[in-house]
Amino acid sequence: MANTVIGSSIVIDGEISGDEDLVIQGTVKGKISLKESLYVEGSGVVEADIETQNVEIAGRVTGNIAASDKVELKTDCRVVGDIRAPRILIADGASFKGNVDMDIPKER
């Protein structure tokens, strides 16, 4: 299945929602709500609250992140905001400022 890619020269100001994976190489401001996975590549800049299943960040994110499965902060990423997820991976060299909440109630 092909991912949706927001290219490096694209700027989106608003709300993004959907059921498929999203790759951000450009700039997104607003709110991101996905059923699947979000990938913020090294060139990606996100100024938005994020709600999704999985988040993988190599670029810059400012905003709160809520993931139902996993958040992964790659080397050289910069994240400012609170993270709520049952699994959180922070690579050596990642920059993170905010709070972490891993106490997620299990879905019935």
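Each chain has its residues counted from 1, running along the sequence as written. Where totals are concerned, whole chains, interfaces and linings use all residues; where local detail is concerned, this predicted model gives features only for residues with pLDDT of at least 70, and gives and counts side-chain atom pairs only at 80 or more. Hydrogens are left out, water is left out, and the side-chain values use all remaining heavy atoms of the structure.

- An unreviewed UniProt entry annotates the chain as Cell shape determination protein CcmA originating from Cystobacter ferrugineus.
- Quoted straight from UniProt, the Sequence similarities (unreviewed entry) entry for the chain says "Belongs to the bactofilin family." UniProt positions are given in the numbering used here, feature names are shortened, and annotations may be inferred rather than shown by experiment.

With respect to the overall build of the chain
In step 1: Per the secondary structure count, the chain includes zero helices and 13 strands.
In step 2: Mapped in sequence order, the helices and strands of the chain form the string β-β-β-β-β-β-β-β-β-β-β-β-β.
In step 3: Only C-alpha atoms enter the radius of gyration, while the globule expectation follows 2.2 Å times N to the 0.38, with N the number of residues. By the compact-globule yardstick of 13 Å for 108 residues, the chain fits well, its C-alpha radius of gyration being 13 Å.
In step 4: Buried means the residue's accessible area, taken with a 1.4 Å probe over protein chains only, is under 20% of the maximum for its type, while exposed means over 50%, and partly exposed covers the values in between. Counting over 108 residues, the chain shows a buried share of 35%.
In step 5: Long-range contacts, defined as pairs at least 24 residues apart, comprise 0% of the intrachain contacts of the chain with a sequence gap of at least 6.
In step 6: Carbon and sulfur atoms provide 43% of the accessible area of the chain, an area that totals close to 6300 Å². Numbering goes from the N terminus for both helices and strands, where a helix is a DSSP run of H or I of at least four residues and a strand is a run of E of at least two. By the convention used here, residues are in contact when the closest approach between their heavy atoms is within 4.5 Å. Using a 1.4 Å probe, accessible areas were evaluated by the Shrake-Rupley method; residue-level cover was limited to the displayed protein chains.

Here we look at the nonpolar core
In step 1: Nonpolar cores are built from buried Ala, Val, Leu, Ile, Met, Phe, Trp, Tyr and Cys residues. Side-chain atoms within 4.5 Å join them into one set. Grouped together as the largest cluster of nonpolar side chains are 24 residues, with contacts concentrated most on I32, L38, I57 and I65.
In step 2: Among the elements that make up this core, the one with the highest residue count is strand 6 (residues 45–57) (five residues).
In step 3: Once residues within four sequence positions are removed from consideration, I57 is found in contact with V40, I65, E72, L73, K74, C77 and V79.

Some details on the environment of I16
In step 1: Mapped onto the elements of the fold, I16 is located in strand 2 (residues 11–18).
In step 2: According to the relative accessible area criterion, I16 is buried, its value standing at 15%.
In step 3: Each C-alpha atom of the pair I16 and E56 lies 17 Å from the other, and the pair is 40 residues apart in sequence.
In step 4: Setting aside chain neighbours within four positions, we find I16 in contact with I6, L22, V28, K31, I32 and S33.

Focus: the pairing of strand 6
Two faces make up the sheet, and in a regular strand the side chains alternate between them.
In step 1: Bridge count between strand 4 (residues 27–34) and strand 6: seven bridges; the pairing is parallel. Residue pairing for strand 6: V28 is matched across the bridge by V46.
In step 2: One ladder, built from four bridges, connects strand 5 (residues 37–40) with strand 6; its direction is parallel. Counted as the bridge partner of V40 is I57 from strand 6.
In step 3: At least two bridges found by DSSP between two strands is the condition for calling them paired. For strand 6 and strand 7 (residues 60–62), the ladder comprises three bridges, and the chain directions are parallel. Within strand 7, the residue paired with E47 across the bridge is T62.

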